[in-house]
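# Notes for the structure review
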Amino acid sequence: MRHFLTLKDFSKEEILEMIALAQKIKAQTKQRKFVPYMGHQTLGMIFEKSSTRTRVSFETGIYQLGGVGLFLSSNDIQLGRGELMKDTARVISRMVDMVMIRTFEHSKLEEFAKYSKVPVINGLTDSYHPVQLMTDYLTMIECGKDKDPVVAYVGDGNNMTHSWLMLSAKLGFELRIATPKGYECDASIVEEALAIAKESGATITFGNDPIEAVKGCDVVTTDTWVSMGQEDEKEIRMKAFEGYIVDETLMSHAKDDAIFLHCLPAYRGYEVSEETFEKHADVIFSEAENRLHAQKGIMVWLDAKRNEELEIRN
Ligand code: CP
Ligand code: NVA
């Protein structure tokens, strides 16, 4: 059974298939045509961290596909009182048809998937945020930035950066990453991404100079300097990231028609200036909306794979 835990588990063709499905379903949704691709199905949504976009987009998405979403905050279910992830998986996956999880350690998500009877989707872990990257790529296509793009990521080497690494490595486009010293990407994830990039021909570079990264690029992106779970490090991080703000001075080094992407929530005056954010607000909020569409593509694709497998077994 296929899960959606990281982009490294998918071929380029599969990633593009899910995106194409998302585009098709988005067009239908825009025409107010709600096709029940997942009629009567239930999506369990387990949240161990806060969320605005992930919750609203998955819950609305499954409803528009003819199913229903169950919001399960770890504060409310027994998981928050110490019930094991593997037991939670074995219970919930006998009752629902698909599960989305937002949690801390990536290994907790893997543990759930290992014991799950139904497909599991990563709604963000400390290591990866792959549904966001599917969304960002859909947005790049809509902005005409998918033909051999050069993407610059400026900021923290975190779950978003790791997912950019995997997207670039799989699809074969150039990615330049600029992080402060001490806040680089996880070395083992970098190693895996570079091995995949070798096959796809993607160029991936790492450095500490935002201007060098952004020079002549088509897409500039960043993320918060303080991810969920890092609140205690806020003060020290604010100092470490000085000089890494994406503002109009930095954007002037990118192509004139470069777009700026942000997964949100955004913290103005820190990773992005108010001016740059508002200048690119149309694209940023289309990107936010695309969470709904990209994830419908992912859910319908996973469901189709599961059905194929059940047919083969019968
Ligand atoms: N970008 C994103 O995942 O937003 P939320 O944390 O609000 O879900
Ligand atoms: N890196 C951020 C992404 C939020 C969507 C975090 O993990 O908090």
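Bear in mind that the values here come from a model prediction, so they are computed numbers and not experimental data. Here the residue index of a chain counts from 1 through its sequence in written order. Lettering of chains starts at A and numbering of ligands starts at 1, both following the order in which they are written. Two thresholds apply to this predicted model, a pLDDT of at least 70 for residue-level local features and 80 or more for giving and counting side-chain atom pairs, whereas whole-chain, interface and lining totals are computed over all residues. As a convention, hydrogens and water are excluded, and side-chain values are obtained from all of the structure's heavy atoms.

### A closer look at the packing of helix 1 (residues 12–30) against helix 12 (residues 281–313)
- Contact geometry of helix 1 with helix 12 gives a least axis separation of 8 Å together with a crossing angle of 120°. The angle between helix 1 and helix 12 falls in the class oblique. Every pair of crossing elements has a handedness; the one defined by helix 1 and helix 12 is right-handed. From helix 1, Glu-14, Glu-17, Met-18, Leu-21, Ala-22, Ile-25, Lys-26, Thr-29 and Lys-30 reach across to helix 12, where they touch Glu-289, Asn-290, His-293, Ala-294, Lys-296, Gly-297, Ile-298, Val-300, Trp-301 and Lys-305.
- When residues are grouped by polarity, Ala, Val, Leu, Ile, Met, Phe, Trp, Tyr, Cys and Pro land in nonpolar, Asp, Glu, Lys and Arg in charged, and all others, Gly among them, in polar. In the contact of helix 1 with helix 12, the residues fall into eight nonpolar, four polar and seven charged. Inter-axis angles, ranging from 0 to 180 degrees, are taken between N-to-C directions of lines fitted to C-alpha atoms, where helices are fitted over the stretch in contact. Going along the chain from the N terminus, every DSSP run of H or I of four or more residues is numbered as a helix, and every run of E of two or more is numbered as a strand. Here the angle decides the label: under 35 degrees means roughly parallel, over 145 means roughly antiparallel, 65 to 115 means roughly perpendicular, and every other value means oblique. Each crossing gets its hand from how the near helix is turned against the far one by less than a right angle, where anticlockwise is left-handed and clockwise is right-handed. Any two residues having at least one pair of non-hydrogen atoms within 4.5 Å are treated as being in contact.

### Overview of the sheet that holds strand 7 (residues 204–207)
- The parallel open sheet is built from five strands, whose spatial order is 7-6-5-8-9. The open sheet terminates on both sides in strands that have one partner only, identified here as strand 7 and strand 9 (259–262). For this sheet, the mean inter-axis angle between neighbouring strands, taken without regard to orientation, is 20°.
- In this sheet, strand 6 (residues 174–178) lies alongside strand 5 (residues 150–154) in parallel orientation, the contact comprising five bridges. Note that in strand 6 the partner of Val-150 across the bridge is Glu-174. Two strands pair if DSSP finds at least two bridges between them.

By themselves, these figures tell us nothing about what the structure is for.
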